[in-house]
Amino acid sequence: MKDLSSVKTANINARPSPMGTRQPLPRNQRSGSQFFPPDILLDEGDVIAQEVSPTPTTPSPSPKTRTALPLAPLTTSETDGMMTTIQTVSHTASTDAKATPMRRTPSPPTFIDDEEMLNLFPSCTTPTPTPAAPKPTSANSSPPSEEEMLRAHLAVAETNRSIIKTTGANSMSTSPQFTPAPPGGFPHIHLAHAAQLFDFQAAKVITTWLKVPHPKVLIRVFDHDSKDPAVKGPILAERLHKAISIIAQTDQQEDHEIKVSPPCPEATREKMDCPLSFLAYNISEETKTLILNQRIWSSTEITFAAHPFQVNSPPLLLFCLHGFSTTDTNTVRTAVHNIWTEDVTSWDITDILSESEIPEEQAHLAARDFIQSLWVEHLDFKVSGGILLPRYNIFAISPTNNPAVWTKLRAYLLSLKYPSELEGSGSSVSFIPCPLCHSIAHPHGLCPFPNIPLWNGPKHNLTTKPTNPNMRGRRKGRRTAA
């Protein structure tokens, strides 16, 4: 930026005064309330020169701004001439001050550019996940249909059920208000295998359910022992119909009748092996989404868990260990991890995974990721007398959805022994499924659902009823007459 004295000289030379050439006025005469302070324009000019003209080659501000400024005509009076010169310089300075923000605008565009880059960034990266794993699968073969996947999982269901220990029966309860979801959501219900929701269901019923158009939802009722399906099935179906109708009316989504299909066991099955799942259909997509988002719907009349009608990926829960004398999950994880990372074990895991859809050259990496995904949860088991007998659930993320390969992998891992240095040796033990929520991850006494605030569903049985009818109603210490 030009010095102010040079600007004044240029204006004076452009319009010479009749009084002759005048000397530039001192800077201190331009200070005052009606003018800029004597140093403000110099500081602004310096800043502008640093930001706009970083190199000497950058041209100075356009002279058009100077020539376009209206100058008051000079008079013969020195005072008028002096004021005219001051007004000219002041007007020029104000023009520079107005132009300064325009030259300083590169900093706001910096944020605008950042926002544009953030908006553009996803579009640049969206092609990355698109050609991920699904494409090679579709290139090699078409994805299996819903029925084919279900049949594949049902083919190995008998093997997967062998790790479950059967338990006894339970009762139900009654009221209309649903328990709100706790912070973090309801606990997860672990399945024995991906197709467990279809266990013991008649083949013709499964075929019919597959043909029912979507949206539809699979439902399992809490505390339902599946006994007497001919009697309990229609009763529970009616209660489910009423509960789902209330849910749908809350969101005002349904304009047609909701339907519920009860389970139907195979005729050749034993009475102990009865299906638990119901099918809710003829519902809107909004109602289906609402039901699945909360998953657990609990009233004192009925409590149920909702599952999507699909064959899920293999369960995260692999098996349960006992035999350790510690309650430290890190110690147990180290023992399991040491066995899985041994050369023989890791190669066996790789060989099993190579039988799946995973390319053979990537099976080693898949085995490594599977081992690294290992985690352990402690179960506070106790025997009579309050003696602690801890058990541990072993979890890992399966790299394959092939039901036969996953079943073979789990069978191999639960057959191993897991010794620790000082805390004993772990071995697999059968799951004891919870009759309340039907999860295989814990027994009845460790079910977390009755501990949820405002829980309306079935509770833990804390008292035992006398089995001898003659003992009912008697108080301790009393004797009956002979």
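The following paragraphs examine the structure supplied in this document. (Residues numbered from 1 in each chain as written. Predicted model: local features only at pLDDT ≥ 70, side-chain atom pairs only at ≥ 80, totals over all residues. Heavy atoms only, no water.)

**Considering the environment of Q362**
Using the following cut-off: In DSSP terms, a helix is any run of H or I states spanning at least four residues, a strand is any run of E spanning at least two, and both are numbered starting from the N terminus. Using a 1.4 Å probe on the protein chains alone, a residue whose accessible area is under 20% of its type maximum counts as buried, one over 50% counts as exposed, and one in between counts as partly exposed.
Take Q362: it is sitting in the loop between helix 13 (343-353) and helix 14 (363-372). Owing to a relative accessible area of 42%, Q362 belongs among the partly exposed residues under this scheme. For the pair Q362 and T350, spaced twelve residues apart in sequence, the C-alpha to C-alpha distance is 9.1 Å.

**Some points on helix 13**
Along an α-helix, residues three or four positions apart point the same way, because every turn accommodates 3.6 residues. Selection rule: Read the arc as the range of directions from the helix axis to the C-beta atoms. Two residues form a contact once any of their heavy atoms are found within 4.5 Å.
When helix 13 is considered as a whole, its buried residues turn out to be T345, S346, I349, T350, I352 and L353. Down the axis of helix 13, the sector holding all buried residues measures 165°, keeping them to one side. Exposed residues pointing more than 90 degrees away from the buried face of helix 13 are listed as D343, V344 and W347. Packing partners of the buried residues in helix 13 comprise helix 12 (329-340), helix 14 and helix 15 (403-414).

**Things to note about the pattern of salt bridges**
The condition is simple: A side-chain nitrogen of Lys or Arg and a carboxyl oxygen of Asp or Glu constitute a salt bridge if their distance falls within 4 Å.
All chains considered together, the criterion is met by five salt bridges. A salt bridge links E285 to K288, with the shortest nitrogen-to-oxygen separation between them at 3.7 Å. Linking E285 with K288, this pair stays in helix 11 (residues 285-294), spanning three residues, or about one helical turn. The exposure class assigned to E285 is partly exposed, which follows from its relative accessible area of 42%. Given the relative accessible area of 18%, K288 is considered buried.

**Some words on the environment of S373**
We count it as follows: By the criterion applied in these results, polar contacts are pairs of N or O atoms within 3.5 Å in which, for protein atoms, one can donate a hydrogen and the other can accept it, and in which residues neighboring in sequence qualify only through two side-chain atoms.
Within the element layout of this structure, S373 appears in the loop between helix 14 and strand 7 (375-379). For the pair S373 and A396, spaced 23 residues apart in the sequence, the C-alpha separation amounts to 5.2 Å. The residues touching S373, leaving out its near neighbours within four places in the chain, are F395, A396 and I397. A distance of 3.0 Å separates a polar side-chain atom of S373 from the backbone nitrogen of I397.

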